[in-house]
Amino acid sequence: AKETGKARAVTYSPSDQGPPEHDISLEAAMFNAVREGEFQLYYQPIVDARSRTIEGFETLMRWKHPTLGMVPPVRFIPIAETNGLINLLGAWALKAACMQIRQFEEVAGRELYISVNISPRQFRSDKFLTVLDDALALSGTKGRQLVLEITEGTLMVDPVHAEAVLGKMAERGARIAIDDFGTGYSSLAYLKRFPISVLKIDRAFVKDLPQAAKDGAICSAVLDIARHLDLLVVAEGVETEEQLAWLDNLGCHYVQGYLTGKPMPAHVAMAALKENLYT
Ligand code: C2E
Ligand code: CA
Ligand code: CA
Ligand code: CA
């Protein structure tokens, strides 16, 4: 934190923003948390904007610390990215998600997909494709049911390497989603270069819809590009009926947000799936 001149105690608070420079103890706690199994996966429904049927789930990592409570991913993912623990956590998440989707499908009685966040470091790791193959083989999940969410930044660090890895992912049938679309690099050239299937419009462009004219223009431009390039679009952070109606009218395929379901533990997700069958 910057010096402001005011005396201020430096205490840990899970809601603190900014770089976690005083989080050495949090880092130590993370290694312990891995051993103790304190990490969990939550699942947030991705629904068809028109029918509201659940088509898939995004997996979101949660850390339930015995005394600190819920530590949000914005605090622990950057630390894991720095110390390399993300490779371990990410591999675990990928395997667990691929296993879980089979159980979800059993409840739903139809094929679903699972969307998993892949961090830049994980994507660059030379073990990544092995982890991917293991997750698919162990679970029996088909490659086409897997969507891997990466950011524009992940692609642009080393485009030559990225192209090779994405090619290998495509061979397995896994689809690539660009997460937080529009918030990173402004170049659209990579949409041409890489085999991308899904764009996820960042919540920053959705949260003030339909009133905010500029946000509306951006969303509608993204939907136009997606239509011409034959890409699917997921709008993130949809919280109101008005936002959903607006996006649906402009041809947005999928929405994900508190309106249609918060991130939830697997057993709650299964209850939601059961309900969905009869509505
Ligand atoms: P993200 O991938 O962009 O995930 C979407 C975030 O938006 C999630 O925050 C989700 O809970 C939140 N969200 C969804 N719908 C709404 C809504 O309607 N309103 C609001 N206000 N928020 C909504 P979460 O779970 O705290 O995750 C934050 C970020 O942490 C993720 O952003 C992702 O970058 C990272 N993350 C989470 N889990 C993983 C993981 O397993 N691996 C990696 N590498 N990163 C992860
Ligand atoms: Ca994501
Ligand atoms: Ca996102
Ligand atoms: Ca985001």
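In this report, we go over the structure that sits alongside the text. Note that the coordinates shown come from a computational prediction; the quantities given were computed from them, not determined experimentally.

Description of the coordination of the calcium ion (ligand 3)
For the calcium ion (ligand 3), the full set of protein donor atoms is Asp179 (OD), Asp180 (OD), Glu236 (OE) and Glu236 (OE), and the range of their distances to it is 2.2 to 2.5 Å. Between consecutive donors of the calcium ion (ligand 3), the numbers of intervening residues give the motif D-D-x55-E. The metal-metal distance between the calcium ion (ligand 3) and the calcium ion (ligand 2) is 3.8 Å, with Asp179 coordinating both. Of the two residues, Asp180 is situated in strand E6 (residues 175-181) and Glu236 in strand E8 (residues 232-236); the sequence distance between them amounts to 56 residues.

As for empty space enclosed by the protein
All told, the structure shown has two cavities of 30 Å³ or more when counted by the stated rule. Considered as a void within the structure, the largest cavity measures approximately 70 Å³ in volume. Within the residue set of the lining of the largest cavity, elements represented by two or more residues are strand E4 (113-117), strand E5 (146-151), E6, strand E7 (198-201) and E8. Across the lining of the largest cavity, the residue classes break down as eight nonpolar, one polar and three charged. Its boundaries defined by the atoms lining it, the second largest cavity holds a volume of some 50 Å³. Taken together, Pro120, Phe123, Arg124, Thr154, Val157, Asp158, His161 and Ala162 make up the lining of the second largest cavity. When contributions to the lining of the second largest cavity are tallied by element, the ones reaching two or more residues are helix H4 (120-124), helix H6 (152-157) and helix H7 (159-171).

Observations regarding the pairing of strand E1 (residues 39-48)
Among the 10 residues in E1, eight count as buried, and that is most of the element. Where E1 and strand E2 (residues 54-65) come together, nine bridges link them in antiparallel fashion. If you follow Gln40 over to E2, its bridge partner there is Arg62. The hairpin formed by E1 and E2 contains five residues between the paired strands, and Arg52 there has a positive phi angle of roughly 65°.

Here's the deal with the site of ligand 1
Gln44, Met61, Arg62, Glu239 and Tyr258 are the nearest of the 19 residues found near ligand 1. Here Glu58 contributes a side-chain N or O atom positioned 3.3 Å from an oxygen atom of ligand 1. Within the contact set of ligand 1, an oxygen atom lies 3.2 Å away from a side-chain nitrogen or oxygen of Asp180. For ligand 1, the accessible surface in isolation is 810 Å², of which the surrounding protein chains cover 81%. Structurally, ligand 1 is housed in the largest pocket. If you list the elements that add at least two residues to the shell around ligand 1, you get E2, helix H2 (73-83) and E6. The leading source of residues in the shell around ligand 1 is E2, at four residues. Looking at the shell around ligand 1, its residues break down into seven nonpolar, five polar and seven charged.

Quick notes on unusual backbone geometry
For the peptide bond that leads from Leu209 to Pro210, omega is -5°, which places it in the cis range. Note that Pro210 resides in the loop between helix H9 (203-206) and helix H10 (213-229). Not every positive phi belongs to a glycine, and Arg52 is a case in point at roughly 65°. Relative to the assigned elements, Arg52 resides in the loop between E1 and E2. Classification of Arg52 by relative accessible area gives partly exposed; the value is 34%. A positive phi is found at Asp180, a non-glycine position, where the angle reads about 55°.

Concerning the side chain of Gln243
Turning to its location among the elements, Gln243 is positioned in helix H11 (residues 241-249). A distance of 3.1 Å separates a polar side-chain atom of Gln243 from the backbone oxygen of Lys207. Setting aside residues up to four positions removed in sequence, Gln243 forms contacts with Val206, Lys207, Asp208, Leu209, Gly237 and Val238.

Points about the pattern of salt bridges
Across all of its chains, the model carries 12 salt bridges by this definition. With a shortest N-O distance of 2.5 Å, Glu241 and Arg52 are connected by a salt bridge. Note that Glu241 is positioned in helix H11 and Arg52 in the loop between E1 and E2, a separation of 189 residues in sequence. When the shortest N-O distance is used, the salt bridge between Asp133 and Arg172 registers 2.6 Å. Here Asp133, found in helix H5 (residues 128-139), pairs with Arg172, found in the loop between H7 and E6; they are 39 residues apart in sequence, far enough to count as distant. Salt bridges sharing common partners tie together Glu58, Glu149, Lys200 and Glu236.

Each value, and the rule that gives it
Residues numbered from 1 in each chain as written. Chains lettered and ligands numbered in written order. Predicted model: local features only at pLDDT ≥ 70, side-chain atom pairs only at ≥ 80, totals over all residues. Heavy atoms only, no water. Donors = N, O, S within 2.8 Å, 3.2 Å for Na, K, Ca; no water. Helix = DSSP H or I, 4+ residues; strand = E, 2+ residues; numbered from the N terminus. 1 Å grid on protein atoms, 1.4 Å probe; cavity = no way out; pocket = protein on both sides within 12 Å on 5 of 7 lines; lining within 4 Å. Points joined across faces, edges and corners; volume = space filled by probe spheres on them. Nonpolar A, V, L, I, M, F, W, Y, C, P; charged D, E, K, R; others polar. Buried < 20%, exposed > 50% of the residue type's maximum accessible area, 1.4 Å probe, protein only. Pairing = 2+ DSSP bridges. Near = heavy atom within 4 Å. Polar contact = N/O pair within 3.5 Å; in protein donor to acceptor, adjacent residues only side chain to side chain. Areas by Shrake-Rupley, 256 points an atom, 1.4 Å probe, with all protein chains shown as cover. Sits in = over half its atoms within 2 Å of the grid points. Contact = heavy atoms within 4.5 Å. Salt bridge = Lys/Arg side-chain N within 4 Å of Asp/Glu carboxyl O.

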